Amino acid sequence: MVASAPRMFYRGAKEERQMTNKHFPKGLDDRQRDADGEIRKKRSDTMVRTLRGKYGSAFADGYRSDAKLGTVLKGERVETLDQLLKKR
């Protein structure tokens with residue numbers, strides 16, 4: 001008698017899609033909220049050119065387009081993108 005391998009159950013594509021499509025309410029600037037409801041922060045390595053596409057060409061005026069958000073925040077002595085936007 002040959003021992004059979006344990007049965008593996010495959011989760012269907014539809015079921016898997018439902019698990020990964022969990023949406024949370026949008027927050028500031030269309031940013032998603034985390035599972036605990038906190039608004040996700042912009043990463044400090046986001047390029048200024050990317051942010052200028054969203055906030056206009058005058059965003060972070062005086063900084064190169066390849067500068068990172070973290071550099072701008074330090075230079076402007078603020079901690080978050082929201083604080084920087086309010087400062088303008």
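The rules behind each value
- Every chain begins its residue count from 1, and numbering advances along the sequence as written.
- Residues qualify for local features only when their pLDDT is at least 70, as the model is predicted, and side-chain atom pairs are given and counted only at 80 or more; totals for whole chains, interfaces and linings, by contrast, use all residues.
- By convention in this description, side-chain values take in all heavy atoms of the structure and omit both hydrogens and water.
- Helix and strand definitions follow DSSP, with helices as H or I runs of at least four residues and strands as E runs of at least two, each counted in order from the N terminus.
- Burial classes: relative accessible area under 20% of the type maximum marks a residue as buried, over 50% as exposed, and values in between as partly exposed (1.4 Å probe, protein chains only).
- In this analysis, two residues are considered to be in contact whenever any of their non-hydrogen atoms come within 4.5 Å of each other.
- Here, the arc refers to the directions that run from the helix axis to the C-beta atoms.
- The predictor attaches a confidence to each residue, called pLDDT, with possible values from 0 through 100.

1. Some details on the environment of Leu-84
Assignment of secondary structure puts Leu-84 in helix α4 (residues 81-87). A residue is classified by how much of its surface remains accessible, and Leu-84, at 8% relative accessible area, is buried. Counting along the chain gives 25 residues from Leu-84 to Phe-59, while the straight-line C-alpha distance between them is 9.5 Å. When neighbours within four sequence positions are excluded, Leu-84 is seen to be in contact with Phe-59, Leu-69, Val-72, Leu-73, Glu-76 and Val-78.

2. Considering helix α3 (residues 69-76)
Listing the buried residues of α3 in full gives Leu-69, Gly-70, Val-72 and Leu-73. All buried residues of α3 project into a common sector of 160 degrees when viewed along the axis, lining one side. Residue Arg-77 follows α3 closely and has a positive phi angle near 55 degrees.

3. Looking at unusual backbone geometry
Positive phi values are uncommon outside glycine, yet Ala-60 reaches one of about 55 degrees. Topologically, Ala-60 is positioned in the loop between α2 (48-55) and α3. Backbone geometry at Arg-77 places phi at a positive 55 degrees, although glycine is not the residue there. For Arg-77, a relative accessible area of 78% corresponds to the exposed category.

4. Quick look at the confidence of the model for the protein chain
The share of residues in the protein chain with pLDDT of 70 or more is 52%, and the mean pLDDT across the chain is 75. Within the protein chain, no element has a lower average pLDDT than helix α1 (residues 13-20), which sits at 48, and none a higher one than α3, at 94. In this model residues 16-21 is a low-confidence stretch, pLDDT under 50, and it forms two contacts with partners more than four residues away in sequence or in other chains.

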